[in-house]
Structures are given as C-alpha cells and as structure tokens.
Amino acid sequence: MASLIAVTIFTLITSGIVAADKPCAPRQIEKRSVVCVCNATYCDEITRAEPASGKYVAYTSSEAGSRFKKHEGEFTSYYKWNEGASHTLVIDLSKKRQTIEGFGGAVTDAAGIHWSNFSSARLQDYLINSYFGKNGLEYNMLRVPIGGCDFSTHFYAYNELPWNDGQLTNYTLAPEDFNYKIPMIQHIKEVATADIHIVATVWSPPKWMKTNEKPSGPGVIKNEFMQTYADYIAKFIREYKKHDIDVWAVTTTNEPQNAFLPFTRFQDLGWTPGKMGQWIINNLGPTIKNSSDINHVKILTVDDQRFTIPLWFNVMVAKHPEVLDWIDGIGVHWYTDKFTPAFILEETVKNHPDKFVIATEACEGSMPWQTEKVSLGDWSRAQSYIHDILEDLNYNLVGWIDWNLCLDKTGGPNWVKNFVDSPIIVFPENNEFVKQPMFYAMGHFSKWIPRGSVRLDVEEQKGLLEKSVDHVAFLTPRNTIVVVLHNTGNARNIRVQLGEEHTVLALEMASVTTLEFLAPSISS
Ligand SMILES: *[C@@H]1O[C@H](CO)[C@@H](O)[C@H](O)[C@H]1NC(C)=O
Ligand SMILES: *[C@@H]1O[C@H](CO)[C@@H](O)[C@H](O)[C@H]1NC(C)=O
Ligand SMILES: *[C@@H]1O[C@H](CO)[C@@H](O)[C@H](O)[C@H]1NC(C)=O
Ligand SMILES: *[C@@H]1O[C@H](CO)[C@@H](O)[C@H](O)[C@H]1NC(C)=O
C-alpha cells in the first residue's frame, strides 16, 4: 500500500514536470470571455512542447474560454476525403519572406509604477515571468520612453534646467528611471529567454528646445538646438548603458504629426518632413552612426500612423534622399490601421528593400467612441490585435510591439487622462492582476515565432463563398513550421498541407490557434 502511494505520488510529480502547464484561473466576465487571475500564490503558465516527427502540437485560445489549450495530432501522407475540410492552406517552402525581429510591450512609467507597487515579490515575478519567462510569452522586445510620455504622472524631460543649456551640462535621469523603469527592465533581462531589443523614443525634449516652449502643441526644435536634441538622445543611450541596459534602436520622435493636430493634449514635438530630413542627415545620423560607442544603435523614423508614410516619409526621402544613408527602418503605430490600407507598407518595403518596418505601438480603448477604456474579458479586443498582427506580418513587418505592459482598472495613470486598455490589468487592492484576452493574443505569436523566423507563403484553397481563415506561416530557427490561424466565425475544420502531408485541424468558434510541426529535412 505504502509503495503504491509512493508510486502514485512519484507519477504525479513526474507527470507534473513533463506537462508543466499551469492552467488559467478563469474569472468569467458577464457577457464577455474570461480573464485569467494571478495572485501571490498562483499564476498560469504555458510551456512549448517539442513536436515529434509526423505530429503537430497546437495551442488554442477562444472566446469560449480556452487559453493555450494544447492538443496534438498527426500528419498523414494519404488524402482522406471524409474529414469535412473543404478549405486547405498549402504551405510553400520555396520562397522566404521577411526575418522576424520580435514581439514585446512597453515599460512606461505607468507600467513600472504598478509593477513596483505590488506588495508581494511573487506577484512582481509572476508579471515579468508571464511576459518574458520560459513559461510565459517569451517577449524579446521592449519600447521605453526617453523621459516622460502621457503614461507618466506629470510632464518631465531631462535637463529641464538650466534654460537654453545647449551643452546639456545638467543631464540626469529622472526618479522614474531609477525607481520604476530601470529596475523593471533589469528584472526582465534576468528572466528573458532571448536578448531584449529595446526601442527608445522621445515624446518631448525640455521645453526650452522647442519654439513654443510648452509640453505640447505646434512646437518644433529651435534651429540653434538641432544638434542638442541629437545629443539628448545619445546621452540617454549612454546613461542606460551605465545600468547595463542596451538600447537596440532609437526612433526619431514619437508621432511627429501630433503637434499639428488640434486635439493633442500630451507631450509632443512637431517635425516637417524637410526639417526632419535635415536633422537626420546633419545631426542625429552622424551623432549615432559616426560615434565609436553607440554606432550599432539603429535609427527608426516615422514612429507614427501608417498613413504618414506616403504623406510624410516619402516626402522627406524625396527632399533629402541622403536620409536613407542613416536610417535602418520605419516604426508604425496601429491607431488608424482600420481606416488605412496595408498595401502602403508593401510599397515602402519594395521601394527600400534594405529597410525594415516594425510596429512600435498599439493599444485598444484609445478611440473617443470607446467609452469603456478598460474592457475586462473582451474577446473582440483580442481579435483586433490578432487581425492587425496577422495583417502586418503578411505585409512584411518584422515585429510588433504592444503599448503599456500593465495598467490599472481605469487604464492609467496618465497625466492627461488619455486612458486605454492593456493585456494585463492590476488590482493592487486585491493583491492580484488579470490577464486579458489580448495577453493570449500576443502570446500566440511571440512564444512560437522566435527572432530569426522567416515568413513562408501560404496558398489558401477554398470554395468561392467560403469565408477565409486569416493566417500566417513561419519557418523557425528551431527548424519547425509555425502557422497561426484566426477563426472569427463558427467552429470549422481546416486542412493544412505541406508537400504530400496533410492534417485536418478542428478550429473552435471564435478562436486563435498556433500550430507547430517539424520542417521536412529536405527543405533546409
Ligand atoms: C490564488 O489563486 C488560487 C487559484 O485560483 C486560489 O486557489 C487561491 O485561493 C488564491 N489565493 C488568494 C489569497 O486569493
Ligand atoms: C539641474 O537639474 C536639477 C533637476 O534635475 C535642478 O534641480 C537643478 O536646479 C539644475 N541645475 C541648474 C544649475 O540649473
Ligand atoms: C561620418 O562618417 C563617414 C564615414 O566614416 C564620413 O564619410 C562622414 O564625413 C562622417 N560625417 C560626419 C558628419 O561626421
Ligand atoms: C499601490 O497599492 C496599494 C495597495 O497595496 C493601492 O491602494 C494603491 O492605490 C497603489 N498605488 C498606485 C499608485 O496604484
């Protein structure tokens, strides 16, 4: 009897190690999907299973409440006609598209304030592990504001005093860097499974550098401070390096069009295409790329909505073609994607094949008609993330960086009350945080499409009247093929075909599925 108990306990322990997933602790939100609750003693985890030869491992999340539900199946080499799948995705190994840089979120002051305010160190670990750890989403990118942004508790920049200090003699990081952002990033680096590539961005420099001498509104850099502003960015890279934090890329300023829009309330800096072109060529480019210590840092321009590519980026390049000698790529924000065709992105890549495009900011709940800023358990917000990421990846973007890693139930703090949603919402009063459907939406990409993955073409074969299933496929450095499928309608079967091998996958109603299987050795 004792030995039987011992064997049973042993079996439980070992099987626990093999299938180490800790399921979502669901909380059903009325009329919506579930959120997964993490508290000081429990937080869900997901491990990636190595697919066996001839088999696939699939992971499904759905409106009905599945979260990374793992299932396995086989590929067969003969065609079974009775499986009820008239719809086939044929994966094509012959053409290789863009190479993936990564997926991530932003360490804003708001995120750092919430993370450091958790009363329990376990809860802090759970939040970081959930996003970056081996049993989490394995994010490998971050965006970090240089100074404050709207998700700060007040306006601030570095070297605000003395006024007109063109030599930046009083440049020191802010309490927000020391108390929130640097500790959070250092913790992230400890648990991350890959190098974290950080994109750093200025919203506004100190007021004295700007023509309007105000945090926001139609101000541009004063001509006498063009070099000072480039130095301001370079100094940030060097200050963070002192804390062992490497910046991978800087952007040329957050959303430079905002300054000319009447309704912008938060800090900004305006740029006309002509003036920015001059600044990149004469100041920012040489300051970074001709330095001996930070010349590896990439320069991304635009960092604004998709539609500003034809209206602004193409104008800048037409006026100052030498800009292309200094920049590495373009950052795009998602806020107008629903109203702007994605082929704009394709044109950019075609015209500048040596530059890459990456999504640098996205969040739900920002639109004026979205009166509910944080919408708990909202599957439709997960769907808009999935839809946008799939679209961007299919138009050759190399990565997708979400906005605040966490916010509170109001969608803040934000000093101009520009509240929005986040994949993680904190409830410090209950000692817990919840993972929204958007969290799992991100994970379906970030965990299974590591840096270095290459996109593959997929041919969709279907009946004329059948609704298509949005999808994307990658060949990963693990020599596996990963397919992400988004089913927005009823439950259906879909065939996935590679060469002579097929499998039929049952997709849940309103669900996202990530499928992984070994790439045939002949393809490599
Ligand atoms: C934490 O969550 C777990 C799993 O849902 C639950 O069993 C436990 O009671 C919770 N602890 C507290 C203090 O709420
Ligand atoms: C330098 O900046 C600090 C704030 O960081 C400010 O208190 C101080 O007055 C500034 N020094 C000068 C000489 O303006
Ligand atoms: C930057 O470096 C390049 C190549 O080393 C050199 O040709 C160019 O003159 C430098 N530009 C400036 C502005 O220092
Ligand atoms: C910090 O956490 C406490 C509960 O532990 C909460 O009452 C307070 O509002 C939190 N502060 C912020 C800035 O969110």
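Conventions we followed
One numbering rule holds for all chains: residues counted from 1, following each sequence as written. Each chain is given a letter, starting from A, and each ligand a number, starting from 1, according to the order in which they appear as written. For this predicted model, a pLDDT threshold of at least 70 governs which residues receive local features, and a threshold of 80 or more governs which side-chain atom pairs are given and counted, while totals over whole chains, interfaces and linings are taken from all residues. Side-chain numbers come from the whole structure's heavy atoms, not from hydrogens or water. By the convention used here, strands pair only if DSSP detects at least 2 bridges between them. Elements are defined by DSSP. Helices are runs of H or I of four residues or more, strands are runs of E of two residues or more, and each kind is numbered from the N terminus. Put simply, a residue is near a molecule or strand once any heavy atom of it comes within 4 Å of that molecule or strand. The term polar contact refers here to a pair of N or O atoms within 3.5 Å; inside protein, the definition further demands a hydrogen-donor-capable atom paired with an acceptor-capable atom, and it admits residues adjacent in sequence only when both atoms are side-chain atoms. Computed with the Shrake-Rupley method and a 1.4 Å probe, the accessible areas treat only the protein chains shown as cover for residues. Think of it as three bins: nonpolar holds Ala, Val, Leu, Ile, Met, Phe, Trp, Tyr, Cys and Pro, charged holds Asp, Glu, Lys and Arg, and polar takes everything else, Gly as well. Domain ranges listed in this record stem from an automatic or a database domain assignment. Contacts between residues were defined by any pair of non-hydrogen atoms, one from each residue, lying within 4.5 Å. Basic side-chain nitrogens of Lys or Arg form a salt bridge, by our definition, when they fall within 4 Å of a carboxyl oxygen of Asp or Glu. Lines fitted to C-alpha atoms define the axes here, with helix axes fitted over just the stretch in contact, and angles between the N-to-C directions of these axes take values from 0 to 180 degrees. As a per-residue measure, pLDDT reflects the predictor's confidence and takes values from 0 up to 100. What counts as a disulfide here is a pair of cysteine sulfur atoms lying within 2.5 Å. Relative accessibility thresholds used throughout: buried, under 20% of the residue-type maximum; exposed, over 50%; partly exposed, between the two (1.4 Å probe, protein chains only).

What to know about the pairing of strand S4 (residues 69–74)
Where strand S3 (residues 55–62) lies against S4, six bridges are found, and the strand directions are antiparallel. Bridge pairing in S4 links Tyr-56 to Gly-73. Linking S3 to S4, which pair antiparallel, is a turn of six residues; within it Gly-65 sits at a positive phi near 125 degrees.

Some details on the site of ligand 1
Inspection of the region around ligand 1 gives Ala-25, Asn-39, Thr-41 and Tyr-42 as its neighbouring residues. Asn-39 is positioned with one of its side-chain polar atoms (N or O) 2.3 Å from an oxygen atom of ligand 1. Contact with the protein chains hides 32% of the accessible area of ligand 1, taken as 370 Å² for the molecule alone. A per-class count over the shell around ligand 1 returns two nonpolar, two polar and no charged.

A few points about the domain arrangement of the chain
Under the domain assignment, the chain is made up of domain 1 (2–99 + 453–523) and domain 2 (102–446). Measuring from the centre of the C-alpha atoms in domain 1 to the corresponding centre in domain 2 gives 31 Å. Listed by partner, the interface residues are 43 residues for domain 1 and 36 residues for domain 2. Summed over the shared surface of domain 1 and domain 2, the result is three salt bridges. For Arg-27, the salt bridge identified is with Glu-432, shortest N-O distance 2.8 Å.

Some details on the sheet that holds strand S20 (residues 492–498)
Taken together, nine strands build an open sheet; the order of strands is S4-S3-S22-S19-S18-S17-S5-S20-S21 and the sheet is mixed. With partners counted over all chains shown, the strands left at the sheet margins are S4 and strand S21 (501–507), one partner each. Along the sheet, successive strands turn relative to each other by an average axial angle of 30 degrees, direction set aside. The sheet contact formed by strand S19 (residues 480–487) and strand S22 (residues 511–518) spans eight bridges and is antiparallel.

Let's talk about the confidence of the model for the chain
Keep in mind that low pLDDT regions are not for reading the predicted coordinates in detail. On average, the chain scores 94 in pLDDT, and the residues at 70 or more come to 94%. Here residues 1–18 is modelled with pLDDT under 50, and outside its nearest four sequence neighbours on either side it reaches zero contacts, counting other chains as well.

Concerning the state of the cysteines
What the rule picks out here adds up to two disulfides. Note on cysteine connectivity: Cys-24 is disulfide-linked to Cys-36, with sulfurs 2.1 Å apart. One disulfide, between Cys-24 and Cys-36, carries an S-S torsion of -100 degrees and so falls in the left-handed class. With a gap of twelve residues between them, Cys-24 in the loop between helix H1 (2–18) and strand S1 (26–28) and Cys-36 in strand S2 (residues 34–39) connect regions that are remote in the sequence. We note that Cys-24, like Cys-36, is buried. At a sulfur-sulfur separation of 2.2 Å, the disulfide partner of Cys-38 is Cys-43. Judged by the sign of its S-S torsion, about 60 degrees, the cystine formed by Cys-38 and Cys-43 is right-handed. Taken N- to C-terminal, the disulfide-bonded cysteines of the chain are connected 1-2, 3-4.

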